[in-house]
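Listed below are the residues making up each chain.
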Amino acid sequence: MHNRPPLPTPTLSATALVACAFAAVFGLVATASCSDDTATAVHDVVANDSDDTPVDVAGELTATVACTACAGKCTEESWKYSNVVHDDGVINYTESPPSAGTHASCWWTWGTFATQVPTARFVHNLEHGGLVMVYDCPGGCAADIAALTKTGEASGLKFIVTPFAGAAARIVAVAWEHRLLLDCVDEAAIVAFAKKWAPGAPEQVDVGPSASCM
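Let me begin by describing the structure that accompanies this report. This structure is a prediction, so every number in the text was calculated from the model and none was measured.

### Quick look at the overall build of the protein chain
Consideration 1: What the protein chain contains, in helices and strands, is three helices and eleven strands.
Consideration 2: Secondary structure elements in the protein chain, listed N-terminal to C-terminal, are β-β-β-β-β-β-β-α-β-α-β-β-β-α.
Consideration 3: The buried share of the protein chain, reckoned over its 214 residues, is 50%.
Consideration 4: Considering only contacts in the protein chain between residues 6 or more positions apart, those separated by 24 or more positions represent 69%.

Here it is as structure tokens:
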């Protein structure tokens with residue numbers, strides 16, 4: 001049995017929660033699901049595996065491209081993950097933050113948060129075609145957080161802004177199987193990155209998670 005992580009505190013208005021659209025049926029037992037994954041999904045061969053065996057998740061870095069944002073302190077990466085299923089147990093990610101891979105069956109509500117969103121949850125948001133922007137600035141960076149929120153709004157995409165201790169860079173923008181590592185908030189670079197890669201996520205789901213997920 002695993003304790004549900006504490007709900008992060010929104011610093012700005014987040015998308016209102018809506019009910020799940022579907023229920024998953026396994027054998028003779030009907031289980032209410034937090035997922036709106038449809039028949040077009042490319043995963044979930046094994047769903048909702050919540051035993052106590054930790055799952056180690058590592059991606060393969062397939063391409064690295066230097067970019068010009070933040071005075072050249074900018075790198076765009078492509079990743080490939082071989083196993084993409086739901087698991088509600090303990091998930092250990094190698095990448096900080098990951099851009100795909102095994103993830104929780106419930107995703108997270110969209111918005112900007114003052115405390116760290118559970119990683120396994122926001123990976124599900126990525127799968128739904130969202131943009132996740134993490135920051136690692138222990139000394140505080142209110143201006144950057146505001147700029148990231150503005151950037152998410154400018155992208156026109158569903159987005160999450162969250163702190164992430166130990167991130168690969170001060171600012172990391174993440175779309176499904178892609179990361180943009182930055183030393184600053186560059187709105188134009190992040191929006192271009194997001195519009196390029198987020199539409200390629202395997203599922204495009206607009207609804208938020210159910211109340212039972214939160």
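Moving on from the coordinates now.
### Notes on the sheet that holds strand β8 (residues 131-135)
Consideration 1: Strand order in the open sheet formed by seven strands is β4-β5-β11-β10-β8-β9-β7, with mixed pairing between adjacent strands. Two strands bound the open sheet, and with one partner strand each, they are β4 (60-66) and β7 (111-112).
Consideration 2: Pairing of strand β10 (residues 171-175) with strand β11 (residues 178-182) involves five bridges; the strand directions are antiparallel. The partner of A175 across the bridge, within β11, is H178.
Consideration 3: Sheet contacts for helix α2 (residues 142-155): β7, β8, β9 (159-163) and β10; angle to β8, the most-contacted strand, approximately 170 degrees.

### Some points on the nonpolar core
Consideration 1: Judged by nonpolar contacts, the single largest core of 27 residues is most densely connected at F122, V132, I160, V172 and W176.
Consideration 2: Elements that contribute at least two residues to this core include exactly β6 (91-93), α1 (119-127), β8 and β10.
Consideration 3: Among the elements that make up this core, the one with the highest residue count is α1 (four residues).
Consideration 4: Excluding residues that lie within four positions of it along the chain, V132 makes contacts with F122, L126, I160, T162, V172, A173 and V174.
Consideration 5: Grouped together as the second largest cluster of nonpolar side chains are 23 residues, C67, L131, C141 and A175 included.

### Considerations on the pattern of salt bridges
Consideration 1: For the coordinates displayed, the defined rule picks out four salt bridges.
Consideration 2: Here E77 and R179 are joined by a salt bridge, their closest N and O atoms 2.9 Å apart. Taken as a pair, E77 in strand β5 (residues 74-80) and R179 in strand β11 lie far apart in primary sequence, 102 residues in all. Each of the two residues, E77 as well as R179, counts as buried.
Consideration 3: Residue K158 pairs with D206 through a salt bridge whose shortest N-O separation is 3.7 Å. Of this pair, K158 sits in the loop between α2 and β9 while D206 is found in the segment after α3 (187-197), placing the two residues 48 residues apart along the sequence.
Consideration 4: What makes D206 exposed here is its relative accessible area of 64%.

### A closer look at the packing of α2 against α3
Consideration 1: Running from N to C, α2 and α3 point in directions that differ by 45 degrees, and their axes come no closer than 9 Å. When the axes of α2 and α3 are compared, the pair comes out oblique. The two elements α2 and α3 cross, and the hand of that crossing is right-handed. For the pair formed by α2 and α3, the contact residues are L148, K150, T151, A154 and S155 on the first element and E187, I190, V191 and K195 on the second.

### Points about the state of the cysteines
Consideration 1: Summed over the entire model, instances satisfying the criterion amount to four disulfides.
Consideration 2: With its sulfur 2.2 Å from that of its partner, C106 forms a disulfide with C213. Where C106 bonds to C213 through sulfur, the torsion about that S-S bond is close to -70 degrees, and the disulfide is left-handed. Taken together, the residues span a long stretch of sequence, with C106 in the loop between β6 and β7 and C213 in the segment after α3 at a distance of 107 residues.
Consideration 3: Since its relative accessible area comes to 12%, C106 is described here as buried.
Consideration 4: One disulfide in the model links C137 with C141; its S-S distance is 1.8 Å. The same class applies to C137 and to C141, which are both buried.

Rules behind the numbers
Residues numbered from 1 in each chain as written. Predicted model: local features only at pLDDT ≥ 70, side-chain atom pairs only at ≥ 80, totals over all residues. Heavy atoms only, no water. Helix = DSSP H or I, 4+ residues; strand = E, 2+ residues; numbered from the N terminus. Buried < 20%, exposed > 50% of the residue type's maximum accessible area, 1.4 Å probe, protein only. Contact = heavy atoms within 4.5 Å. Pairing = 2+ DSSP bridges. Axes fitted to C-alpha atoms, helices over the stretch in contact; angles between N-to-C directions. Core = buried A, V, L, I, M, F, W, Y, C linked by side-chain atoms within 4.5 Å. Salt bridge = Lys/Arg side-chain N within 4 Å of Asp/Glu carboxyl O. Parallel < 35°, antiparallel > 145°, perpendicular 65-115°, else oblique. Left-handed = near helix turned anticlockwise from the far one by under 90°. Disulfide = S-S within 2.5 Å.

Coordinates in, geometry out; function isn't part of it.
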